[in-house]
Amino acid sequence: MTDQPTGSADPATPVSPAASAPDADAVPRRRQPLLLSVAAVVLALDIVTKVLAVKLLTPGQPVPIIGDTVTWTLVRNSGAAFSMATGYTWMLTLIASAVVVGIIWMGRRLVSTWWAIGLGMILGGAMGNLVDRFFRSPGPLRGHVVDFLSIGWWPVFNVADPSVVGGAILLVTLSALGFDFDTVGRREPTDEDAEQRRSSPAGEDAAEEPSKGVDGPQ
């Protein structure tokens, strides 16, 4: 009869080091670096194109690209995207600053790749126009944004404007399809969602329809 060492593990149930360690795949990967990368690309493109537009274009002298439909047209915009809400420059600057802070704060919990792309587009566009608001004339918080591309009847715009709008459309679509920024894939239906489906007219009709199983009509 051999004595087993005191405190030794049961040979029938060996403990694997991998089993005691947390599963790395179960921890969602944070997407803040992707968010910041997309924002940096948009911001760089916006700044470079605006510098070139100011250097190469003359205000009031459109340069045709496709006839008179698509032109390079240099304008100074005191309003929001696509020359809207002119006259509220300082208020738009504060709103854009709040958007930037909010997106950076959300980025700490960001898991979804597509949400990271959408938020990055909005962040980069907002920061691009904020650079103009702070550093262009007539002064900080009141600076006019440089716009340079005109397409048909659409107001003149820059790289930042379609980036912000495109990012917002992407986020609305993701939300409508059930994709949250802090989850991987679609969100799981909650008890509240199930209750809403049961209380809807379609859910009531489905509940009243007799089952066609064993107890159904023969």
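A brief report on the enclosed structure follows. All figures in this text were calculated on a predicted structure; none of them were measured in a lab. (Residues numbered from 1 in each chain as written. Predicted model: local features only at pLDDT ≥ 70, side-chain atom pairs only at ≥ 80, totals over all residues. Heavy atoms only, no water.)

**Observations regarding helix H4 (residues 113–135)**
And step 1. Helix length check: H4, at 23 residues, gives a terminal C-alpha distance of 33 Å against a target of 33 Å (1.5 Å per residue), a fit within 8%.
And step 2. Capping the start of H4, Ser112 holds a side-chain oxygen 3.5 Å from the backbone nitrogen of Trp114, two or three residues further along. (Helix = DSSP H or I, 4+ residues; strand = E, 2+ residues; numbered from the N terminus. Expected span 1.5 Å × (residues − 1). Polar contact = N/O pair within 3.5 Å; in protein donor to acceptor, adjacent residues only side chain to side chain.)

**Considering the sheet that holds strand E1 (residues 63–66)**
Strands belonging to one sheet form pairs held by backbone hydrogen bonds; the direction of such a pair is parallel or antiparallel.
And step 1. Pairing is antiparallel in the open sheet, where 4 strands are placed in the order E1-E2-E3-E4. Single-partner strands in this sheet number two, and they are E1 and strand E4 (154–157). The mean inter-strand angle of the sheet, taken between neighbouring strand axes irrespective of direction, is 40°.
And step 2. Here strand E3 (residues 145–151) pairs with E4 via 2 bridges, running antiparallel. Looking across to E4, one finds that Ile151 is bridged to Trp154.
And step 3. Helix H2 (residues 32–56) contacts strand E2 (70–77) and E3 of the sheet and is inclined by roughly 80° relative to E3. (Pairing = 2+ DSSP bridges. Axes fitted to C-alpha atoms, helices over the stretch in contact; angles between N-to-C directions. Contact = heavy atoms within 4.5 Å.)

**Quick notes on the pattern of salt bridges**
And step 1. Under the criterion given, the structure shown has 3 salt bridges.
And step 2. We note a salt bridge from Asp46 to Lys50, for which the minimum N-O separation is 2.8 Å. Here Asp46 and its partner Lys50 are both found in helix H2, 4 residues apart, which amounts to about one turn of the helix.
And step 3. Residue Asp46 is classed as buried on the basis of its relative accessible area of 0%.
And step 4. When the shortest N-O distance is used, the salt bridge between Lys50 and Asp132 registers 3.0 Å. Taken together, the residues Lys50 in helix H2 and Asp132 in helix H4 connect sequence positions 82 residues apart.
And step 5. The class of Asp132 is buried, set by a relative accessible area of 3%.
And step 6. Salt bridges linked by common partners bring Asp46, Lys50, Asp132 and Arg136 together as one network. (Salt bridge = Lys/Arg side-chain N within 4 Å of Asp/Glu carboxyl O. Buried < 20%, exposed > 50% of the residue type's maximum accessible area, 1.4 Å probe, protein only.)

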